Amino acid sequence: MGLSVTSRRRLTGAVFLYTAVISSAFLCAARSAIAAEQQTYRVTGLELPASIRIDEWGVPHIKAGTHYDAFFVQGFNAARDRLWQIDTWRRRGLGRLAEVLGAGYVAQDRAARLFLYRGDMYREWLAYGSDAKRISQAFTAGINAYVALTREQPALLPPEFQLLGYLPDNWQAEDIVRIRSNGLWRNVDTEVQRARILCTAGAEAAASWKVLEPAWETTIPEGLDPCAVPDNVLDTYFLAKAPVRFDQPERALADAQADAYRSDVGSNNWVVAPNRTSTGRPILADDPHRGHAVPSLRYVAHLTAPGLNVIGAGEPALPGISIGHNERIAFGLTIFPIDQEDLYFYPAEERTTKINEVVHVKGAKPVTVTLEFTRHGPVVYADDKHVWAVRAAWLDAGMAPYFGSVEYMRAQNWREFVAALNRWGAPSENQVYADIDGNIGYKPAGLFPVRKNYDGLLPVPGDGRYEWHGYFDMDVLPEEYNPERGFTGSANSMNLPAGYDINRYRVGFEWSAPWRYKRLWQVLQGQAQHTMMDSTALQRDYHSLLADAVLDRIDGLERFGTAGNLLVTWNRTLDADSAAAAFWAVWYYRHLQPAVAQRTGGAAAPLMDGFDSLSVLSYLENSQDDELLETTLTAAWNDCVALLGADPTGWAWGKLHQIRFKHPLEHLAKAPLAEQMAMPAYPRGGSGNTTNNTFFQPDDFLVRSGASFRMVLDVGRWEAARMTNAPGQSGDPRSPFYDNLLQGWATDQDFPLIWSEKQIRRHTVQEILLQPVASTRPVGMTSTDATR
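Residues numbered from 1 in each chain as written. Predicted model: local features only at pLDDT ≥ 70, side-chain atom pairs only at ≥ 80, totals over all residues. Heavy atoms only, no water.

So, about the sheet that holds strand S30 (residues 764–772). Spatially, the 11 strands line up as an open sheet ordered S1-S30-S2-S3-S7-S8-S9-S10-S16-S17-S21, and their pairing is mixed. In this open sheet, the two strands that pair with only one neighbour each are strand S1 (38–43) and strand S21 (480–481). Alignment of strand S3 (residues 60–63) against strand S7 (residues 299–305), held across 3 bridges, turns out to be parallel. What sits directly across from His-61, in S7, is His-302. (Pairing = 2+ DSSP bridges. Helix = DSSP H or I, 4+ residues; strand = E, 2+ residues; numbered from the N terminus.)

Okay, here's the thing in structure tokens:
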């Protein structure tokens, strides 16, 4: 049941009135008691009475009397569940950490301010749709209404504010769209790394580090000396995007650098046509993959108002729903890696624009910082030889990450959905679509720079020779509507159609590894009558096509003794209880992959984190390197003995590969809060190359990223929808919804994503009524009356 996992938790104050352990044995009785406890708040900014009904999984079902009141209540509710998280998001994005956390954050604040949107707000608002500004105003007014409540009722304030010694701030509507550094952007980081590899080991090594797709050979731009690119040229850029480190702020830069070069954040989505499903309706599935965190990056909500009925997930600091469905259409996204960045360099005497800003510092005097810009963008590095600046499409109008979903979530058909995507800027996405009339579709979207005489794979001089010539229209990107194959989807890998004119439309050449995408296609092609359970099984799938490809290229594995025989008899599925999966992961990721990188890259091998699996396969196909195989298999076996014991029958992948959610302030908390913050570890299967993406680093094998949110929809029969969101919906450790979904998620289960009024009434465990301050309606009226 929805509350059994977190029965120990209690949120003090008026929102959650749990006074004892709630076990599944008497959950129904507890639910009735809780439903009788309605909270009513009078708030400024609301036009008509509204309600929030929280179901037993922690999902809020918002019912508002006007269209824009729905966004007001969404903001209010986001603050109710995630106030500290969204306040931190805002402070980090605006460059206002030092004023509450101290001098250790001044550099991060300066970096964040460099990458704020500073353009015309009129163009900015209209880029998302005609009412985007009003939506943002309503949403932030709702946040501010809850912030005001916490001042009147301090028990509502999340405990993190007390731990850190400050109070939440009020929001401006512009905050939503000016903050850009939270998006998934590319590719100045790989431009610099490619230049360093070129300098150290040459073009062949650089080409093996990341295989370019479609087939492409980059050339060094005229005027660039790869050896002249400073090692720390992107420190400011990385710091602008870095998460907040509350324990060691000086580690924020290193964390961001490691995430850039070593992570493989991806996602899966697919949609199957009615003629290939058991339901006779489309089935749509989506599971976006990001770094796991406490609280979760995603938040699930249901918005109902005149002209609006939409449910699904988004980011808690943003209005709208980016992954989900309304009454007629469903939609889901993954990253489509358009190259939206370039690194420019200029002579040291280049003229720049300078802006001085004051950073307020807790416990110290304010600090004045200088922000410097070229005509291309923010200056991230300067010395006595060169000035270096980042040009980023995401600093243009209409590029606030995911905010464009406020338009497409209200679309009623394919035409309206694609029209909304034509305005979509960021991040660049693969979108899948289905509607209740049985149509399915696929469309990538994102601001796409026109580069006529270079490919964007290396830094370029800023002297006018290498410029963007505007942006392409979205119709140059592929599109599918009711494809003959009966399904479509994506997984961040190269999915441009055969014959796509990449020389003219240089969308990008750096994609995720193909193994998740190939697995999707392999499974979906083999299912003539795809079911909802087939989709959920595919989201949970641990079979590794990478393992298939590697092991199939090695003849006579048996000759390598016990280690070889363990792999020969393995089913190539990375189950948590599999001994062979543990050995495979230790061998491939800790030994084989680095060894091939060393053979290929030589002195550049230390620069080749994330060495391309396609290059590993190429090496195995084109060499008979038994010495490498013998050496790496032996070393991996010895590693497993040291890690898991001498008896391989006791080995299990899940003993090494675990998810450990940890609250970022756990080190500051004392009992009982520390116990409420703590979560158990769980063994996991999979890897970053399985559809059930459980990405890890081989230094400790712990799960770093993957699908915290998942969704599967029987399109048109909305009550059958399934979802999960780990570790839970609430960010407050005292809440019963803080980690109530974690155990189910970690054991590959899911939960209902309820939709109908009947289901909502049945599963509601808490109800909050909101009354406008100026309303003449009686306070005690029911939510049904208030929003009828």
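Continuing now.
This next bit is on the pattern of salt bridges. For side chains of opposite charge, pairing can occur when their charged atoms come near one another. Tallying each qualifying case throughout the model produces 46 salt bridges. Arg-180 is the partner of Glu-124 in a salt bridge, and the nearest nitrogen-oxygen pair spans 2.9 Å. Of the two residues, Glu-124 sits in helix H5 (residues 121–126) while Arg-180 sits in the loop between helix H8 (173–178) and helix H9 (188–201), which places them 56 residues apart along the sequence. Take Glu-124 and Arg-180: they sit in the same class, and that class is buried. For Arg-540, the salt bridge identified is with Asp-750, shortest N-O distance 2.8 Å. In this pair, Arg-540 sits in the loop between helix H16 (532–539) and helix H17 (545–552) while Asp-750 sits in the loop between helix H24 (742–746) and strand S29 (751–752), placing the two residues 210 residues apart along the sequence. When its relative accessible area of 22% is taken as the criterion, Arg-540 is described as partly exposed. Three or more residues are tied together by salt bridges with common partners; here these are Asp-87, Arg-90, Arg-91, Arg-96, Glu-99, Asp-169 and Asp-175. (Salt bridge = Lys/Arg side-chain N within 4 Å of Asp/Glu carboxyl O. Buried < 20%, exposed > 50% of the residue type's maximum accessible area, 1.4 Å probe, protein only.)

This brings us to the packing of aromatic side chains. In the structure shown here, the tally under the stated rule is 42 aromatic pairs. Summarising the aromatic geometry, the rings of Phe-345 and Trp-388 are spaced 5.1 Å apart at their centres and angled 40° between planes, so their arrangement reads as tilted. Of the two residues, Phe-345 sits in strand S11 (residues 341–347) while Trp-388 sits in strand S15 (residues 386–392), which places them 43 residues apart along the sequence. The exposure class assigned to Phe-345 is buried, which follows from its relative accessible area of 8%. A ring pair is formed by Phe-661 and Trp-745, whose centres lie 5.7 Å apart and whose planes are at 65°; its orientation type is edge-to-face. Of the two residues, Phe-661 is situated in the loop between strand S23 (658–659) and helix H23 (673–677) and Trp-745 in helix H24; the sequence distance between them amounts to 84 residues. In terms of burial, Phe-661 and Trp-745 fall into one category: buried. (Phe/Tyr/Trp six-rings, centres within 6.5 Å; stacked < 30°, edge-to-face > 60°.)

Ranked by internal contacts, the top residues of the largest apolar core, which has 241 residues, are Leu-234, Tyr-237, Phe-448, Val-550, Phe-583, Trp-584 and Trp-587. Per element, the largest residue contribution to this core is 15 residues, and it comes from helix H19 (residues 579–601). Excluding anything up to four places from it in sequence, Tyr-237 contacts Phe-115, Trp-185, Val-188, Glu-341, Val-380, Val-390 and Trp-394. Of all hydrophobic cores here, the second largest spans 15 residues; its members include Val-272, Ile-283, Phe-487 and Ala-720. (Core = buried A, V, L, I, M, F, W, Y, C linked by side-chain atoms within 4.5 Å. Contact = heavy atoms within 4.5 Å.)

Our next topic: the pairing of strand S10 (residues 329–335). Looking down a regular strand, the side chains alternate between one sheet face and the other. Counting buried positions along S10 yields 7 of 7 residues, so the element is predominantly enclosed. Connecting the antiparallel pair strand S9 (residues 323–325) and S10 is a turn made up of 3 residues. Bridge count for S10 against strand S16 (residues 429–435) is 7 bridges, and the pairing is antiparallel. In the sheet register, Ile-335 faces S16, and the bridge partner there is Glu-429.

It is at 10 Å that the axes of H19 and helix H20 (residues 613–622) come closest, and there the two elements cross at 70°. As summarised for this structure, H19 and H20 are arranged roughly perpendicular, according to the angle between their axes. Counting all contacts with H19, which are made through Tyr-588, Leu-592, Gln-593, Val-596, Arg-599 and Thr-600, the residues of H20 involved are Ser-613, Ser-615, Val-616 and Tyr-619. Looking at the contact of H19 with H20 residue by residue, the class counts come to 5 nonpolar, 4 polar and 1 charged. (Axes fitted to C-alpha atoms, helices over the stretch in contact; angles between N-to-C directions. Parallel < 35°, antiparallel > 145°, perpendicular 65-115°, else oblique. Nonpolar A, V, L, I, M, F, W, Y, C, P; charged D, E, K, R; others polar.)

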